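The residues making up each chain are set out below.
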Amino acid sequence: MTEKFQWSDSPSQIAFPVARAGYPFIYATAFATAVFALLGMTVLALLGLLVAFCICMFFRDPDRVIPTEKNAVVSPADGKVVLAGREESCPFFEGPCMKVSIFMSVLNVHVNRVPREGTIKKTIYHPGKFFNASFDKASVHNERNAVVMETPEGATICFVQIAGLIARRIVCAIQEGDQVKRGQRMGLICFGSRVDVYLPPDATLNIGAGEKAVGGSTVIGYLADKSETE
């Protein structure tokens, strides 16, 4: 019987996994909290504990089981879909495309995942501004990191990490030439952001604007099955 789900990364051995990129923020806050406590500054120490808790929650990195449906493309991020539909042009490959944009608030998990297995063809970093990531203009004007990949079937897709109003750091742990798995962890964006996904024009979307997506678990679309047309 074919498995319907899989682990793309090894499950964490701790009950509350935290992304490595969050460690410096957590350590700094914990150190400041300890200093306040030793100095008898109770209010500041309690405030430090609250801030440390909020930072731990922001950088939480839960394990996810990944759907193995044929041709499925999974969400690269947790959040609300703010755009889903056809675009007449794509900045990363020629011709029209299907685009899905997912907005991550500060309350969402911010670890990003690879939407489809394949080979990373290139990564493209663009410096830019820091508009609210829920606005469409964020795709064009904000600081962003684009990852272009080729699937085993030969389709080209792209996913773009976009910094938001508060976000000031984009982390991307994959690079050109890497072989990646569907749902694999690939980085994060600190403190509020957005991820855009560009699929071929013959892809079928499985999600609409206003819906919620769960990174690695929600199927946002399906690539065309080329084997049926051959």
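It should be emphasised that the depicted structure is a prediction, and the values quoted were computed from it without experimental measurement.

For Asn71, which is not glycine, the phi torsion reads 70 degrees and is therefore positive. As for its placement among the helices and strands, Asn71 is situated in the loop between strand S2 (65-67) and strand S3 (72-74). Judged by relative accessible area, which is 9%, Asn71 ranks as buried.

To find the voids left in a structure, one rolls a probe of water-molecule size over its atoms. For the second largest pocket, the calculated volume is near 210 Å³. Taken together, 15 residues make up the lining of the second largest pocket; nearest its centre are Pro91, Lys99, Ser139, Val140 and Tyr198. Elements with a minimum of two residues in the lining of the second largest pocket: strand S4 (79-87), helix H3 (138-141), strand S9 (156-163) and strand S13 (193-199). Its residues assigned to classes, the lining of the second largest pocket shows seven nonpolar, three polar and five charged.

Quick look at the pairing of S13 now. Each regular strand carries side chains that alternate between the two faces of the sheet. Counting buried positions over the seven residues of S13 gives seven, a clear majority of the element. The alternating pattern of S13 places Ser193, Val195, Val197 and Leu199 and Arg194, Asp196 and Tyr198 on opposite faces, both of which are buried. In terms of strand pairing, strand S5 (residues 97-104) meets S13 through seven bridges, oriented antiparallel. When the sheet's bridge partners are listed, Ser101 is paired in S13 with Asp196. Where S9 and S13 come together, six bridges link them in antiparallel fashion. Directly across from Val160, in S13, lies its bridge partner Asp196.

Once that is clear, we can look at the packing of aromatic side chains. For the structure on display, the rule yields four aromatic pairs. Seen in terms of ring centroids, Tyr23 and Tyr27 are 5.8 Å apart; in terms of plane orientation they differ by 35 degrees. Their pairing is tilted. One end of the pair, Tyr23, and the other, Tyr27, are both in helix H1 (residues 23-38), four residues apart, so they sit about a helical turn from each other. A residue is classified by how much of its surface remains accessible, and Tyr23, at 30% relative accessible area, is partly exposed. The exposed category is assigned to Tyr27, whose relative accessible area is 54%. Residues Phe25 and Phe59 carry aromatic rings whose centres are separated by 5.4 Å and whose planes lie at 20 degrees to one another, so their mutual orientation is stacked. Residue Phe25 is located in helix H1, and its partner Phe59 is located in the loop between helix H2 (42-58) and S2; the two are separated by 34 residues in the primary sequence.

Before going further, it helps to spend a moment on the pairing of strand S8 (residues 144-150). The buried fraction of S8 is high, at six of seven residues. Strand direction decides the pairing type here: strand S7 (residues 118-126) and S8, joined by seven bridges, are antiparallel. Residue Thr123 lies in a different strand from S8, and its bridge partner there is Val147. Sheet topology places S8 next to S9; seven bridges connect them, and they run antiparallel. Looking across to S9, one finds that Asn145 is bridged to Gln161.

Rules and cut-offs
Residues numbered from 1 in each chain as written. Predicted model: local features only at pLDDT ≥ 70, side-chain atom pairs only at ≥ 80, totals over all residues. Heavy atoms only, no water. Helix = DSSP H or I, 4+ residues; strand = E, 2+ residues; numbered from the N terminus. Buried < 20%, exposed > 50% of the residue type's maximum accessible area, 1.4 Å probe, protein only. 1 Å grid on protein atoms, 1.4 Å probe; cavity = no way out; pocket = protein on both sides within 12 Å on 5 of 7 lines; lining within 4 Å. Points joined across faces, edges and corners; volume = space filled by probe spheres on them. Nonpolar A, V, L, I, M, F, W, Y, C, P; charged D, E, K, R; others polar. Pairing = 2+ DSSP bridges. Phe/Tyr/Trp six-rings, centres within 6.5 Å; stacked < 30°, edge-to-face > 60°.

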